[in-house]
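Remarks on the overall topology
Take a look at the letters that make up each chain.
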Amino acid sequence: MYKIVETSIDDKKNAQGISKYLLDNKMAACIQITKSMSYYNWKDKLSKSKEYIIKIKTTSKLVKKVSQYIMETHSYENPEIISYNIDIHSKEYEKWYKANIK
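First things first, this report covers the structure right here in the doc. (Residues numbered from 1 in each chain as written. Predicted model: local features only at pLDDT ≥ 70, side-chain atom pairs only at ≥ 80, totals over all residues. Heavy atoms only, no water.)

1. Some points on the sheet that holds strand 3 (residues 45-59)
Spatial ordering of the open sheet is given by 2-3-1-4, a layout of four strands whose pairing is antiparallel. Looking at the sheet topology across the chains shown, the edges are occupied by strand 2 (30-42) and strand 4 (81-85). Between one strand axis and the next, the sheet turns through 25 degrees on average, direction left out of account. Sheet topology places strand 1 (residues 2-9) next to strand 4; five bridges connect them, and they run antiparallel. The partner of T7 across the bridge, within strand 4, is I81. (Pairing = 2+ DSSP bridges. Helix = DSSP H or I, 4+ residues; strand = E, 2+ residues; numbered from the N terminus. Axes fitted to C-alpha atoms, helices over the stretch in contact; angles between N-to-C directions.)

2. Considering the pattern of salt bridges
Counted according to the given criterion, the structure contains two salt bridges. Of the charged contacts, one joins D24 and K20 as a salt bridge, the two residues approaching to 2.6 Å between their closest N and O atoms. Note that D24 and K20 are positioned in helix 1 (residues 12-24) at a spacing of four residues, about one turn of the helix. Here K20 falls in the exposed class, since its relative accessible area comes to 51%. Here K43 and E77 are joined by a salt bridge, their closest N and O atoms 3.5 Å apart. Remark: E77 occurs in the loop between helix 2 (63-73) and strand 4 and K43 occurs in the loop between strand 2 and strand 3; sequence separation between them is 34 residues. On the accessibility criterion, K43 (60% relative accessible area) is exposed. Classification of E77 by relative accessible area gives exposed; the value is 63%. (Salt bridge = Lys/Arg side-chain N within 4 Å of Asp/Glu carboxyl O. Buried < 20%, exposed > 50% of the residue type's maximum accessible area, 1.4 Å probe, protein only.)

3. Some points on the packing of aromatic side chains
Applying the stated rule across the entire model yields four aromatic pairs. Arranged with centres 5.0 Å apart and planes meeting at 75 degrees, the rings of Y2 and Y97 form a pair that is edge-to-face. Residue Y2 is found in strand 1, and its partner Y97 is found in helix 3 (residues 91-99); the two are separated by 95 residues along the sequence. An aromatic cluster is defined as three or more aromatic residues linked by ring pairs; in this entry it consists of Y2, Y93, W96 and Y97. (Phe/Tyr/Trp six-rings, centres within 6.5 Å; stacked < 30°, edge-to-face > 60°.)

4. With respect to the side chain of E94
Along the chain, E94 falls in helix 3. Within the structure, E94 has its side chain in polar contact with the side chain of Y2 (distance 2.6 Å). (Polar contact = N/O pair within 3.5 Å; in protein donor to acceptor, adjacent residues only side chain to side chain.)

5. Observations regarding a positive patch on the surface
The grouping of K12, K35, K48 and K50 at the surface amounts to a positive patch. Its location among the elements puts K35 in strand 2. (Patch = residues over 30% accessible without salt bridge, like charges linked within 9 Å, V, L, I, M, F, W, Y side chains within 5 Å. Areas by Shrake-Rupley, 256 points an atom, 1.4 Å probe, with all protein chains shown as cover. Lys, Arg positive; Asp, Glu negative; His and termini not counted. Charge placed at Lys NZ, Arg CZ, Asp CG, Glu CD.)

6. Some details on the side chain of T59
With respect to the helices, strands and loops of the structure, T59 is situated in strand 3. What T59 contacts, discounting residues up to four positions off in sequence, is M1, Y2, K3, Y97 and I101. (Contact = heavy atoms within 4.5 Å.)

7. Topic: the packing of helix 1 against helix 2
The relative placement of two packed helices is expressed as an angle between their axes plus a distance between the axes. Relative orientation of the contacting elements helix 1 and helix 2 amounts to 145 degrees, with a least axis distance of 11 Å. The crossing of helix 1 and helix 2 is right-handed. Taken together, the residues of helix 2 that come into contact with helix 1 (itself represented by N14, G17, I18, Y21 and L22) are V66, Y69, I70 and T73. (Left-handed = near helix turned anticlockwise from the far one by under 90°.)

Quick look at the structure:
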């Protein structure tokens with residue numbers, strides 16, 4: 001039921017824009033943006049990039065909508081969009097979480 005959708009992006013303003021849209025439209029209860037250094041193979045070349053990891057706390061019903069919005073607005077040719085289940089262990093936090101997602 002509860003999910004985190006995660007993506008990485010190299011532009012802070014784009015990360016903030018994605019986050020603002022999802023929060024404004026109640027598609028996420030909370031979003032965390034952290035700086036990272038990513039190493040990966042791209043087009044047969046070892047690459048590295050300063051990126052921002054965006055962790056979007058949402059629900060399983062909204063994963064598809066969140067993912068579609070990321071695909072539409074992401075600057076990468078092939079953006080990482082992954083999701084995983086989470087458990088909430090605080091009743092008060094769960095109440096707040098539900099109240100902030102439509």
